[in-house]
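# Chains, contacts and geometry: an overview
Chain by chain, the residues:
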Amino acid sequence: MSHVAISATVATVVLCAHCGVPVPEGLLDDDVEHQFCCSGCQAAFGMLHAHGLDSYYGFAERREAPVRTSGRSFDEFDHPAFTNLYVTAISNGLSRTELYLEGIHCASCVWLVERIPLLVPGVLRAELDVRRSLAVIEWDIATVSLSRIAQSLDTLGYPPHPFRGVARADMRKREDRAMLVRIGIAGAIAINVMLAALALYAGELNTMDAGFTRFFRWVSLAITLPAFIWPGRVFFTGAWASLRTRALHMDLPIAIALAAGFVRGAMNTITDSGPIYFDGLALLIFALLVGRFLQQRGQRMAVDATEELHAIAPTTARIIEHDVVRDIPSEALLPGMLLDVRAGESFPADGVVMRGRSSVNAALLTGESRPASVTVGQLVYAGTVNVESPLRVQVEQAGESSRIAKLMRQVEESATRRAPIVQMANRMAGIFTAIVLVMAATTFVIKSQLSPAHALDDAIALLIVTCPCALALATPLAISVAVARAARRGMLIKGGDALELLATPGIVVLDKTGTITEGRTALTFWHGPDWVKPLVLALEEGSSHPLADGFRRAWPRLPTATVSASRHIAGGGLEGTVDGYVMRIGSPRFVRESILSVSESLHSVINDLDRTLTPVHIAIDGVVVAIAGLGDRVRDDALDSLRQLRGRGWRTVMLSGDVQDVVASVGRSLAFEAEDSIGAVSPEAKLAFIEQLKATSGRTVVMVGDGVNDAAAIAAAHVGIGVHGGAEACLATADIYLTRPGLNALVELTEGSRRTLCVIRRNIAVSIGYNLIGASLAVFGLLTPLIAAILMPTSSITVVLGSWYSTTFVRPTTSESRS
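### Quick look at helix α14 (residues 452–465)
Look at α14: 21 Å from first C-alpha to last across 14 residues, which is about the 20 Å you get at 1.5 Å a residue. Burial within α14 is extensive, with ten of its 14 residues counted as buried. When we look at burial in α14, the residues that qualify are Ala455, Asp457, Asp458, Ala459, Ile460, Ala461, Leu462, Leu463, Ile464 and Val465.

Laid out in structure tokens, this is it:
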């Protein structure tokens, strides 16, 4: 037990034996050796001490916070549905799973988690990836259940959660491993062939013995052959598929050039005459494989970010069977099951309320910041949040049939769209491939008449140097890299066509609520004495209602009073006793039910309160003493972001369903033109407005919104953008989803799109220019196959690296990444 003296005259502070924080006086026990700040720390300490793991406390850096166990049974971890989703059977009756652990932060966490086999008999291995907080657990299912292992981790302060991407991650690991092995073998072969080539080049300068020359030529052939048999086989497979489908693909000229070069080199090796090309061919295979791998990884980054964003439904559900409540995986839910959903929890499935009355935060589906009241017989949806009171819900749609799952499928389907500029590049590559094949054949025929000794070499050089891989590869790579970097900045782009359209300034139409404003409740008006504020905070402290959040955000540092009794009235407000005062806080109707009088000074305040705000009355001992108005604040970055957009040539329009007076007031504060602040607009009118702009303006029309009332307009615009917290219909139809609150992301998006289009145009220009110059040199016999083989991968790598390292979207800073 540790004691720290804090004063010469004051008693010592006792620190928790497990986490080192001060122990509250009420928990001190002079009869025991070790003192603890909470039962969680006591349980964790007891487990470690009983198994001889006291060396954990020797770490200089370890847990400095109390252990907060969830107290869950984790029975759902033993459910067959959980096993099918997250558990992999390995040899000898063992099983393996990956769990995401909360609270992982340092080396002591790694040491402790990896000692689980000592704490729980039957666990054979526990390995922790501290960077991702992922633990790999292997255990004998005949000896111990996974729920028992999860309870032990929870007791140590690391509540476990299933890692949803196990199957996909395993598949990706296998794919990446195979590709990296191909690249590694191709690279090793290229290096060794280059060494043999260096010996041959040096021999030409120093007159190497003919026997050694033949030896190195045959060595080059022998080393290069495996590169064609396995790593380079992908190009021949693609070429064969191109011929079968009668669709010219860049793999076709690559395969022809590789085959022609190899056959020519092999013939020259056998006849001991002419160049052999093997060093250039091996390097070419290596460079092409690296380029494909980089493109694949770039595309995955955006997909991963999209999937992580929509993982909003809970992984477990609490069901009631024969009056017994138990947890099961959400994936095991079936229609007809009865759910127990408590205040503050998300609904795991779509269903109908069977018992209870509460309010639901459905911002994801409606875009509205205020919770909607629900009662028996009304629908609730997966991913929305139960705000106030417990509910019993009967499942109607779960898993893949829920609205959230349908939204995710729509996002995935729309992500396959290609930008027009990418489609143009692909068409150009196909046309260019046909032209190259015709030119190569024509060159061979003509040169066979004029210079038979050089005809095949010139045709091969033409095929190699004019391979359109730089044109066909670097363009989609530029899109993929930009999309991935945008995703890391909180901008999920479903299709590259949106980037192309946003590169040119046009007209951006913005919804007000949730887009220009915060879309959440904030305290914007207060009339009352300051001594009432701590009393209000105390009574609202345990409430999850958005109005309570508004008070807490407004007064984050005020001390709170002591609540001796409190009660929540659904649809009304709160009542209770605080510091001896009888209080009632809520809607005017609710408060007036029990008040004796209203302060004279408040009568005019009540009448003059802004009608756009939600009024909250505060009564103490039967007298209304304070009035609060809560509403939707304009975002802090709105004015600066709009100024930047206008400075770059964008016209900004605000289109809202709110009353015209409110919209005009917000518009004036944000420097909108009077005619561009349009209120009282129905969803149908929004759609008509967008259609009219598209027909008459001649410019790109962008719609930015967050609610169902914006969905049709977003779908109709050239580019639709859904903002943070937007509704399902809005997100499903949007081309881009901004996961960061505020309008600054919109400014970054337009600038990043402009830069991306510049990179693509530069790549196309470089590719076409290179191919034209290379083709001309080859046709006139000024380019040998060896030089062509060297130039071809060099140009491709240059364009690919130009795409990869170009500044399209700014990388997030360390602080942004952590936030």
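Once you've had a look at it, read on.
### What to know about helix α19 (residues 546–554)
Buried within α19 we find Pro546, Ala548, Gly550 and Phe551. On its buried side, α19 packs onto β19 (517–527), α18 (533–540), β24 (614–620) and β25 (623–634).

### Re the confidence of the model for the protein chain
Confidence in the prediction for the protein chain averages 79 pLDDT; 83% of positions are at 70 or higher. Strand β18 (residues 507–510) holds the highest mean pLDDT among the elements of the protein chain, 95, whereas strand β1 (residues 2–4) holds the lowest, 38.

### As for the packing of aromatic side chains
Enumeration according to the criterion identifies ten aromatic pairs in this entry. Ring geometry for Phe228 and Phe236: centres 6.1 Å apart, planes at 45°, overall tilted. Ring geometry for Phe262 against Phe278: centres 5.8 Å apart, planes inclined by 55°, an arrangement best described as tilted. Taken together, the positions of Phe262 in helix α9 (residues 251–271) and Phe278 in helix α10 (residues 278–309) put the pair 16 residues apart, joining distant regions of the chain. Clustering of aromatic rings is evident, with ring pairs tying together Phe228, Phe236, Phe262 and Phe278. The ring of Phe590 carries the charged tip of Arg584 above its face, separated from the ring centre by 4.1 Å. Against the face of Phe672 rests Arg646, its NZ or CZ located 4.9 Å from the ring centre.

### Some words on the sheet that holds strand β15 (residues 385–386)
Backbone-to-backbone hydrogen bonds pair the strands of a sheet. The strands run either parallel or antiparallel. The antiparallel open sheet is built from three strands, whose spatial order is β13-β12-β15. With partners counted over all chains shown, the strands left at the sheet margins are β13 (372–374) and β15, one partner each. With three bridges connecting them, strand β12 (residues 358–361) and β13 associate as antiparallel partners. Bridge pairing links Ser358 to Val374 in β13.

Thresholds, definitions, all that
Residues numbered from 1 in each chain as written. Predicted model: local features only at pLDDT ≥ 70, side-chain atom pairs only at ≥ 80, totals over all residues. Heavy atoms only, no water. Helix = DSSP H or I, 4+ residues; strand = E, 2+ residues; numbered from the N terminus. Expected span 1.5 Å × (residues − 1). Buried < 20%, exposed > 50% of the residue type's maximum accessible area, 1.4 Å probe, protein only. Contact = heavy atoms within 4.5 Å. pLDDT = per-residue confidence, 0-100. Phe/Tyr/Trp six-rings, centres within 6.5 Å; stacked < 30°, edge-to-face > 60°. Lys NZ or Arg CZ within 6 Å of the ring centre and 35° of its normal. Pairing = 2+ DSSP bridges.

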